[in-house]
Amino acid sequence: MYKWLRNTHLLLGLFSFLFLLMYGVSSVQMAHNTWFDLKPAVAESQTTLAAGLDNPRVIARQLMDRGEVRGELQQIRTNRPNYSFRVVRPGTVHEVDYSAQTGAAKIRTSVAGLMGMLNRIHHVNGVWHEYTLTNVWGVFVGIISMMLVIMSLTGIYLWFKIHTERVIGVILLALSLGYSLTLIVLIRTA
Amino acid sequence: MYSLFRKVHMYVGLLNLSILLIFGVAGLQATFEPAPEQRKRPDADVEFRDFTVPAGLDDKAAADQVHAFLHLPLAAPLPKYAIRRDANNDLALNFYTANGVRRAVVLEKEHRIRLETEHTTLASYLNGLHATTINSGSPDWRVRWWTYYNEFSIWSLIGMSISGVYLWLASRPRYSPARWTFVFGCGAFIFLYALTR
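Quick caveat: nothing in here was measured; it's all calculated off a predicted structure.

## Topic: the interface of chain B and chain A
It is common to give the size of an interface as the accessible area lost on bringing the parts into contact.
Moving on, step 1. In this assembly, 54 residues from chain B lie in contact with 56 residues from chain A.
Moving on, step 2. Secondary structure elements with two or more residues in the side of chain B that touches chain A: helix 1 (2-15), helix 2 (17-32), helix 4 (122-130), helix 5 (141-171) and helix 6 (176-196) of chain B.
Moving on, step 3. Of all the elements, helix 5 of chain B adds the most residues to the side of chain B that touches chain A, at 13 residues.
Moving on, step 4. Its residues assigned to classes, the side of chain B that touches chain A shows 36 nonpolar, 14 polar and four charged.

Listed below in structure tokens is the structure:
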């Protein structure tokens, strides 16, 4: 049992290494946002589609088919005959303004740097997105979270089996649980 | 060295047990969260409180007065960018805490505030706690103490991730399943990152 759980703890930890590091580093960035410059690189371009398109989804699809944008359609704003919307994937935002009169589509693309990208990946949630890659990240969020729970529990078991570490371990665990659970209850009941 | 790292890895893990479980629950909650349009807003209590906005205040100053008047537990004063007016041109203030959101609409002509309090589920609460970091700016001592713990846990997560890899390399570097798992996990991350980029 001990050996099996030790291997499980090891293998889950190694599989999730970069994911957990990403969560840790992006959390540092969010907790200390003044330490980092998250200014994205911005590029603007223009392309011409057929005039008179009156469905943002069709406009976005045409831009995607041409390889101009990639991601999930969001924040559609209609100001007939013009349409504005965003096409978003983690770390990249395309802001599109389409004029139905001329067919001109202006695209403003913001690409985040490494820290901005990690921040966006950290915030991916759910598997309901239209963009497949975002859903894949969403699946990994679930897998890594489950692994984190299992690692925490197997870690407790592995510690407990080391008899020489029991006393200090119990003291640390009591301190930690006493502090955190007290605050969890106090904040919940505030 | 190995023995020292193993001890530190273990002690830090014990000190972070509850918050690591919270991180896990927050991630699972995020995974199973429905699409925004399918989300059911939690039940809310609505109440009214008599309040007159002092004359001559701008929106930020009025929002600070409302914050001071309501004495909402855990809530910090709102920054300027979070202060807005709704379609009726009433000052609409959303005070977010780990316990959920409290929406205050200042009905100036009626000399009162409409206060809406949403009740979150336990999972949402834990999700909110996991996101309550040291820059939350809450004036409440309980939240502040929680943010210290959260800060400690963030650095601990980074430390444990790195020390975990070290412990593997220092003890069983030739353990084949570990090698493959490490390569597969890192490969998946790098591949996805590159593809998303």
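## So, the sheet that holds strand 3 (residues 82-89) of chain A
All names here are of chain A.
Moving on, step 1. Strand order in the open sheet made by the five strands is 1-5-4-3-2, with antiparallel pairing throughout. Each having just a single partner strand, strand 1 (41-48) and strand 2 (72-79) make up the two edges of the open sheet. With strand direction ignored, the average angle separating the axes of adjacent strands in the sheet is 15°.
Moving on, step 2. For strand 3 and strand 4 (residues 92-99), the ladder comprises eight bridges, and the chain directions are antiparallel. Residue Phe85 lies in a different strand from strand 4, and its bridge partner there is Val96.

## What to know about the packing of helix 2 (residues 17-31) of chain A against helix 4 (residues 114-122) of chain A
Residue and element names in this part refer to chain A.
Moving on, step 1. Two elements in contact, helix 2 and helix 4, have axes separated by 9 Å at closest approach and are oriented at 110°. Between helix 2 and helix 4, the interaxial angle falls into the category roughly perpendicular. Here Met22, Tyr23, Val25, Ser26, Gln29 and Met30 of helix 2 come into contact with helix 4, specifically with Met115, Leu118, Asn119, Ile121 and His122.
Moving on, step 2. Taken together, the residues of the contact of helix 2 with helix 4 sort by class into seven nonpolar, four polar and no charged.

## What about helix 1 of chain B?
Moving on, step 1. Across its 14 residues, helix 1 of chain B extends 20 Å between first and last C-alpha, which sits within 8% of the 20 Å expected from 1.5 Å per residue.
Moving on, step 2. Those residues of helix 1 of chain B that are buried are in contact with helix 5 (132-160) and helix 6 (166-188) of chain A together with helix 2 and helix 5 of chain B.

## Some thoughts on the sheet that holds strand 3 (residues 91-97) of chain B
All names here are of chain B.
Moving on, step 1. Pairing is antiparallel across the open sheet formed by five strands, whose spatial order is 1-5-4-3-2. Each edge of the open sheet is held by one strand with a lone partner, namely strand 1 (44-50) and strand 2 (84-85).
Moving on, step 2. In the sheet, strand 3 pairs with strand 4 (residues 100-107) via seven bridges, with the strands oriented antiparallel. If you follow Asn94 over to strand 4, its bridge partner there is Arg103.
Moving on, step 3. Lying over the sheet, helix 3 (residues 59-70) contacts strand 3, strand 4 and strand 5 (112-118), oriented at roughly 55° with respect to strand 3.

## Considering the pairing of strand 3 of chain B
Two faces belong to every sheet, and in a regular strand the side chains alternate between them.
Residue and element names in this part refer to chain B.
Moving on, step 1. By the bridge criterion, two bridges tie strand 2 to strand 3 in an arrangement that is antiparallel. Residue pairing across strands places Arg84 opposite Ala92, the latter belonging to strand 3.
Moving on, step 2. Adjacent in sequence and paired antiparallel, strand 2 and strand 3 are bridged by five residues, among which Asn89 carries a positive phi angle near 65°.
Moving on, step 3. Where strand 3 folds back on strand 4, the antiparallel hairpin that results is connected by two residues.

## Notes on the domain arrangement of chain A
Residue and element names in this part refer to chain A.
Moving on, step 1. For chain A, the domain assignment lists domain 1 (2-35 + 119-188) and domain 2 (41-111).
Moving on, step 2. Distance from the C-alpha centre of domain 1 to the C-alpha centre of domain 2: 38 Å.
Moving on, step 3. Facing the nine residues of domain 1 at the interface are six residues of domain 2.
Moving on, step 4. Those elements that place two or more of their residues in the side of domain 1 that touches domain 2 are helix 4 and helix 5.
Moving on, step 5. Among the elements that line the side of domain 1 that touches domain 2, the one with the most residues is helix 5, at three residues.
Moving on, step 6. A per-class count over the side of domain 1 that touches domain 2 returns five nonpolar, two polar and two charged.

Quick notes on the rules
- Every chain is numbered on its own, with residues counted from 1 as its sequence reads.
- Whichever chain is written first becomes A and whichever ligand is written first becomes 1, with later ones labelled in order.
- The predicted nature of this model means local features are confined to residues of pLDDT at least 70 and side-chain atom pairs, given and counted, to a pLDDT of 80 or more, with totals for whole chains, interfaces and linings taken over all residues.
- Working definition of a contact: two residues with C-beta atoms, positioned from the backbone, lying within 7 Å.
- Numbered from the N terminus, helices here are DSSP runs of H or I no shorter than four residues, and strands are runs of E no shorter than two.
- For this classification, Asp, Glu, Lys and Arg are treated as charged, while Ala, Val, Leu, Ile, Met, Phe, Trp, Tyr, Cys and Pro are nonpolar and the rest, including Gly, are polar.
- The rule for pairing is simple: two strands pair if DSSP sees at least two bridges between them.
- In this analysis, axes come from line fits to C-alpha atoms, helices being fitted only over the stretch in contact, and the angle between any two N-to-C directions falls in the range 0 to 180 degrees.
- Under this scheme an angle from 65 to 115 degrees is roughly perpendicular, one under 35 degrees roughly parallel, and one over 145 degrees roughly antiparallel; angles in between are oblique.
- For a helix, the expected span equals 1.5 Å multiplied by the number of residues minus one.
- For the domains described, the bounds stem from an automatic or database domain assignment.

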